Amino acid sequence: MNSIILLSVLGLGNLFLGFLRSNRLLLPAAMLMLALVFGINLIDWNEGAQSYFNNMLVIDNFSVAFTGVVVLTTFLLIPFSQKFVRDGAANLAEYYSLLLFSLVGAVMMVAYNHLLILFVGIETLSIAMYVLAGSDKRNLRSNEAALKYFLMGSFTTGILLFGIALVYGATGTFQLSDISFAVQNPINDSLQPMLYIGMLLMLVGMGFKVSAAPFHFWTPDVYEGTPTFFAAFMSTVVKAAGFAAFLKLMVQVFPAASAQGVWLPTLTAMCALTLLLGNVGAVAQTSVKRMLAYSSVSHAGYLLIGLVAFNGQLEGASANGIFFYSLAYSVATVAAFGVLKLVADQRQREDYNGLNGLAKTNPLLAFVMTVAMLSLAGIPLTGGFFGKFFIFSAAVENGYIGLVVFAVVMSMVSIYYYLRPIIAMYMRDTDVTTDEPIQVTSFQSAALFVLALLTVVLGVLPGLISGIL
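Let me begin by describing the structure that accompanies this report. Note that the coordinates shown come from a computational prediction; the quantities given were computed from them, not determined experimentally.

**Section: a nonpolar patch on the surface**
Judged by side-chain polarity, Leu 364, Phe 367, Ile 415, Leu 419, Ile 423, Tyr 426 and Met 427 come together as a nonpolar surface patch covering roughly 630 Å² of accessible area. Elements that contribute at least two residues to the nonpolar patch include exactly helix H17 (363-377) and helix H19 (401-427). Mapped onto the fold, Leu 364 is located in helix H17. The class of Leu 364 is partly exposed, set by a relative accessible area of 32%.

In structure tokens form, the structure reads like this:
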């Protein structure tokens, strides 16, 4: 709760910094605010479950852990907004405030204990992202991205809300624990079809938020048109918060229904389809940014394996696997998008050829991009390897061996498109458009080094993070 209050107050306060003559203070102020929120959030660790607003919001280790992931990810992403500072962006204070407000929604999504709080959290996060997706107002692709995201997001929000209404109609409550009891002990069997339809509609709504197939088609176009800095936020923070909310919904509300074969077959099919379409779609891309968009879809598939294999509690192997995977994926994705943004800002291109010869002109950028790609591919000694290992282990323990084998095959497919940037950076020569070094500030270099170091540490010492839930 402290995080929500602090983020809201700091977001409002940051707006007033926009009246300063110079915007140079905005970036360090934003990072200081996020560091403060991260520290305040840790105070609630191991303090037991604390409920607020008549038990509508619960702060426990689960919510503290995922709040830490989204706040840390945003903190590591902020240094790559320095171009906004250099260019004197008129709306920089508003950009940072919208990020802080969207984090309020993300925290509500990981701490909700009431379906209306889930809905409010999703909308708080989504509305800020609709605005940021179209923040490059003079770019038609950015306008298109914002319009697509807004229209499809609004439509699926209606589907989600309709599902919540049907679940309420069948159970008579929005409280998670009360819904779980009503699902396991139905009083009126005639209301069960209404409950199951509501569940499936909620599955559709949540599937859109996490870019799960077949509700992922907006992702490549929206990511491509959205400014790279905000696309990175969308690919990491939104996904981590979405899966935390999804996991809580599965574990605390519908465990009995999944055993009855209502929820689980649909989720399993979505998982397999997401893995297939995400990886195959990424293979065909010529734009690194669109490849990362399809990569985001494929990683939603791996995280869905953790949801399929959940064991009915927020402290089990699946929950820990999803938490570790979310952290490892977020760190690697921020690193990849960060390098891509620095390259695209100077070379004005986002295709693979734009990375040609980067190892010669900017060894640090090439090294960080290589570490990020290897982690996303799940290569050993990176965080991504153990993220997949923990997810797959939980699935095997629960008997989903066929799904794990399919996921491993899809991981082998992903190696192809994750190696393409590495080949371009190390094995191809520069041309007229790529022979000049990329301008990187010492602040950004430090951020890139930290991102690469975190990725390697998670791969070498996974025990520091795994099993904390």
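Moving on from the model shown.
**Focus on the packing of aromatic side chains**
Counted according to the given criterion, the structure contains 25 aromatic pairs. Taken together, a centroid distance of 4.6 Å and an interplanar angle of 50 degrees make the contact between Tyr 417 and Tyr 418 tilted. Side by side, Tyr 417 and Tyr 418 carry an identical accessibility label, which is buried. Through a chain of ring-to-ring contacts, the aromatic side chains of Tyr 130, Tyr 149, Phe 150, Phe 208, Trp 218 and Tyr 223 assemble into a single cluster. Its end group placed over the ring of Tyr 302, Lys 388 keeps NZ or CZ at 4.4 Å from the ring centre.

**Thoughts on the nonpolar core**
As a rule of thumb, soluble globular proteins bury nonpolar side chains together. Grouped together as the largest cluster of nonpolar side chains are 168 residues, with contacts concentrated most on Leu 115, Phe 246, Phe 254 and Ile 305. Among all residues touching Ile 305, those that are not within four sequence positions of it are Cys 271, Leu 275, Ile 391, Phe 392, Ala 395, Leu 403 and Ala 407.

**Section: the pattern of salt bridges**
A full pass over the atoms with the stated rule returns nine salt bridges. Between Asp 345 and Lys 341 there is a salt bridge whose closest N-O contact spans 3.2 Å. Of this pair, Asp 345 and Lys 341 both sit in helix H15 (residues 317-347), four residues apart, which is roughly one turn of the helix. Since its relative accessible area comes to 24%, Asp 345 is described here as partly exposed. Here Lys 360 makes a salt bridge to Asp 429, at a shortest N to O gap of 3.2 Å. Note that Lys 360 is positioned in helix H16 (residues 358-361) and Asp 429 in the loop between H19 and helix H20 (442-460), a separation of 69 residues in sequence. By the burial criterion, Lys 360 is exposed, and Asp 429 matches it.

Scoring rules and cut-offs
- Per chain, the residues get numbers from 1 upward, laid out in the order the sequence is written.
- In view of the model being predicted, local features appear only for residues whose pLDDT reaches at least 70, and side-chain atom pairs are presented and counted only at 80 or more, with totals across whole chains, interfaces and linings using the full set of residues.
- With hydrogens and water stripped out, all remaining heavy atoms of the structure feed into the side-chain values.
- Residues with no salt bridge and a relative accessible area higher than 30% make up the patches, which join like charges within 9 Å and nonpolar side chains (Val, Leu, Ile, Met, Phe, Trp, Tyr) within 5 Å.
- Surface accessibility follows the Shrake-Rupley procedure with a 1.4 Å probe radius. Residue values consider only the protein chains on display as shielding.
- One side-chain nitrogen of Lys or Arg within 4 Å of one carboxyl oxygen of Asp or Glu is enough to make a salt bridge.
- Helix and strand assignments follow DSSP, with helices taken as H or I runs no shorter than four residues and strands as E runs no shorter than two, numbered in order from the N terminus.
- Whether a residue is buried, partly exposed or exposed follows from its accessible area with a 1.4 Å probe, protein chains only, as a fraction of its type maximum: under 20%, in between, or over 50%, in that order.
- Aromatic rings from Phe, Tyr and Trp, taking only the six-membered ring of Trp, are treated as a pair when their centres fall within 6.5 Å; an angle between ring planes under 30 degrees marks them as stacked, one over 60 as edge-to-face, and anything in between as tilted.
- For a ring to carry a charge above it, either NZ of a lysine or CZ of an arginine must fall within 6 Å of the ring centroid while also lying within 35 degrees of the normal to the ring plane.
- To qualify as a nonpolar core, a set must consist of buried Ala, Val, Leu, Ile, Met, Phe, Trp, Tyr and Cys residues joined through side-chain atoms within 4.5 Å.
- The contact criterion used is simple: two residues touch if any of their non-hydrogen atoms lie within 4.5 Å.

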